[in-house]
Amino acid sequence: MNLNKVSIIPPDFVIVVSYNISGGDIMKESYSTSEVAKIIGIHPNTVRLYEDLNLITSPKRKANGYRIFTKLHIDQFKIARLAFEVEVLQNGLRKRAVEIVKTCAACEFDKAIELTSQYLDKVQSERQNAEEAIDIVENILSGHKEEYEEISLTRKEAASYLNVTIDTLRNWELNGLLITKRKENGYRIYTYNDIERLKIIYSLRCANYSLSAILRMLNALSNESETNIKDVIDTPKEDDDIITAYDRLLTSLFHAGDNARKIYYLLIKMKEEYTLLC
């Protein structure tokens with residue numbers, strides 16, 4: 001594996017992962033289901049679910065059928081919890097996180113390390129796309145003219161100009177991102193200002209910002225032209241009913257990368273400690 005690919009791992013990076021493990025627990029050779037649940041901070045049923053989903057190595061059992069967990073399982077739970085802490089779904093990132101966890105559960109540590117390296121590269125790429133989208137929006141806004149050319153496009157023409165489908169335009173309008181004027185016959189027309197607004201929406205959607213985050217930013221710009229775009233688009237309102245990772249895209253990608261770095265170094269440690277035991 002080419003370690004140089006992991007370009008977003010600083011050389012002085014320090015892992016800090018806190019779990020409820022006492023001094024006596026660290027020295028134990030085995031743990032019960034309830035003990036694992038207490039250490040990781042999850043319900044005992046979740047411990048069993050992780051086993052059913054192949055997210056940890058299947059534990060051995062006592063004669064009475066009770067599971068016997070080891071420190072290997074504790075570390076595998078740490079990997080899984082870090083991988084799933086941030087719900088980032090776009091472009092296969094969630095699927096990649098699941099693959100890392102399952103590969104670790106299979107004790108294929110070299111492969112898991114390589115997958116984590118690839119995941120980090122992908123997160124870095126997504127962060128770059130998200131940042132570039134903000135730059136595009138700022139460039140569009142800085143080039144906005146008070147005196148603009150008069151244009152009047154139909155929905156079909158506007159969709160063709162932006163290289164999106166008519167249904168996409170309709171979706172954006174239904175979600176309040178754009179309100180268009182209509183002709184006397186009821187047909188929508190798209191003006192210069194509408195097209196500029198649609199360019200902003202398109203750029204941000206391509207970078208996987210949520211519709212609600214985009215609407216929040218557009219509303220803020222309508223009220224104050226000097227609004228800090230990056231702050232507004234990455235900070236949901238307190239009264240928002242549903243908040244997802246896409247509403248805090250920049251923050252979510254940052255935390256996903258941070259957790260992946262912790263996973264990377266934990267996997268190296270696990271490879272050294274458990275390779276001969278699996």
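Student: Talk me through the overall build of the protein chain; I want residue IDs and the actual numbers.
Tutor: Helices and strands together make up the secondary structure of the protein chain, namely 12 helices and four strands. Counting all 278 residues of the protein chain, 42% fall into the buried class. For the protein chain, the share of sequence-separated contacts (at least 6 apart) that also reach a separation of at least 24 residues comes to 64%. Total accessible area on the protein chain stands at roughly 15,800 Å², and carbon and sulfur atoms take up 49% of it.

Student: Describe in detail the environment of Tyr264, supporting the description with residues and values.
Tutor: Topologically, Tyr264 is positioned in helix H12 (residues 249-274). Classification of Tyr264 by relative accessible area gives buried; the value is 5%. Residues Tyr264 and Ile79, spaced 185 residues apart in sequence, show a C-alpha to C-alpha distance of 9.2 Å.

Student: Go over the confidence of the model for the protein chain, please, and point to the residues and values.
Tutor: Of the residues in the protein chain, 81% have a pLDDT of 70 or more, and the chain-wide mean is 82. Considering only residues more than four positions removed or in separate chains, one finds that residues 1-18, a stretch of pLDDT under 50, has 33 contacts. In the predicted structure, residues 21-27 sits below a pLDDT of 50 and forms eight contacts with residues beyond four places in sequence or in another chain.

Student: Provide a residue-level description of the nonpolar core, including the pertinent values.
Tutor: With 75 residues, the main nonpolar core has Leu169, Leu198, Leu204, Tyr209, Met217 and Leu267 as its most contacted residues. Per-element accounting of this core gives the leading share, 12 residues, to helix H6 (residues 109-142). When residues no more than four places from it in sequence are discounted, the contact partners of Leu267 are Ile79, Ile100, Cys104, Phe109, Ala112, Ile113 and Thr116.

Student: Got a sec to walk through the environment of Asn45? Specific residues and values, please.
Tutor: Among the secondary structure elements, Asn45 is positioned in helix H3 (residues 44-52). Distance from Asn45 to Ser34, taken between C-alpha atoms, is 9.2 Å for residues 11 residues apart in sequence. A distance of 2.7 Å separates the side chain of Asn45 from the side chain of Arg48, its partner in a polar contact.

Student: Describe helix H10 (residues 211-223), and please don't skip the residues or the numbers.
Tutor: Under the 1.5 Å per step criterion, the end-to-end length of H10 is 18 Å for 13 residues, consistent within 8% with the ideal 18 Å. Within H10, burial applies to Ala213, Ile214, Arg216, Met217, Leu218, Ala220 and Leu221. Residues of H10 that are buried make contact with H6, helix H9 (192-206) and helix H11 (229-233).

Student: Residues and numbers for the packing of helix H5 (residues 93-105) against H6, please.
Tutor: Close contact between H5 and H6 brings their axes to 9 Å; oriented N to C, the two are set at 160°. On the basis of the axis angle, H5 is roughly antiparallel to H6. Between H5 and H6 the crossing geometry is left-handed. Contact with H5, carried on its side by Leu93, Arg96, Ala97, Glu99, Ile100, Thr103 and Cys104, involves Phe109, Lys111, Ala112, Leu115, Thr116, Gln118, Tyr119, Lys122, Val123 and Glu126 of H6 and no other residues of that element. Taken together, the residues of the contact of H5 with H6 sort by class into nine nonpolar, three polar and five charged.

Student: Would you mind going over the pattern of salt bridges in detail, with residue names and values included?
Tutor: Counting across every chain of the model gives 14 salt bridges. Across the pair Arg155 and Glu173 runs a salt bridge whose closest N-O atoms are separated by 2.6 Å. Remark: Glu173 occurs in helix H8 (residues 166-174) and Arg155 occurs in helix H7 (residues 155-162); sequence separation between them is 18 residues. Its relative accessible area of 15% is what places Arg155 among the buried residues. Here Asp258 makes a salt bridge to Arg261, at a shortest N to O gap of 4.0 Å. Here Asp258 and its partner Arg261 are both found in helix H12, three residues apart, which amounts to about one turn of the helix.

Student: Can you explain unusual backbone geometry? Please cite residues and give values.
Tutor: Positive phi outside glycine occurs at Asn54, with the angle close to 60°. In this structure, Asn54 sits in the loop between H3 and strand S1 (60-61). The backbone phi angle of Cys107 is positive, close to 60°, even though this residue is not glycine. When you line up the elements, Cys107 lands in the loop between H5 and H6. Look at Cys107 and you get buried, because its relative accessible area is 18%.

Student: Could you give an account of the packing of aromatic side chains, with specific residues and numbers?
Tutor: Counting across every chain of the model gives two aromatic pairs. Measuring from centroid to centroid gives 5.5 Å for Tyr264 and Tyr265, while their planes differ by 85°, and the two rings are edge-to-face.

The rules behind these values
- Residues numbered from 1 in each chain as written.
- Predicted model: local features only at pLDDT ≥ 70, side-chain atom pairs only at ≥ 80, totals over all residues.
- Heavy atoms only, no water.
- Helix = DSSP H or I, 4+ residues; strand = E, 2+ residues; numbered from the N terminus.
- Buried < 20%, exposed > 50% of the residue type's maximum accessible area, 1.4 Å probe, protein only.
- Contact = heavy atoms within 4.5 Å.
- Areas by Shrake-Rupley, 256 points an atom, 1.4 Å probe, with all protein chains shown as cover.
- pLDDT = per-residue confidence, 0-100.
- Core = buried A, V, L, I, M, F, W, Y, C linked by side-chain atoms within 4.5 Å.
- Polar contact = N/O pair within 3.5 Å; in protein donor to acceptor, adjacent residues only side chain to side chain.
- Expected span 1.5 Å × (residues − 1).
- Axes fitted to C-alpha atoms, helices over the stretch in contact; angles between N-to-C directions.
- Parallel < 35°, antiparallel > 145°, perpendicular 65-115°, else oblique.
- Left-handed = near helix turned anticlockwise from the far one by under 90°.
- Nonpolar A, V, L, I, M, F, W, Y, C, P; charged D, E, K, R; others polar.
- Salt bridge = Lys/Arg side-chain N within 4 Å of Asp/Glu carboxyl O.
- Phe/Tyr/Trp six-rings, centres within 6.5 Å; stacked < 30°, edge-to-face > 60°.

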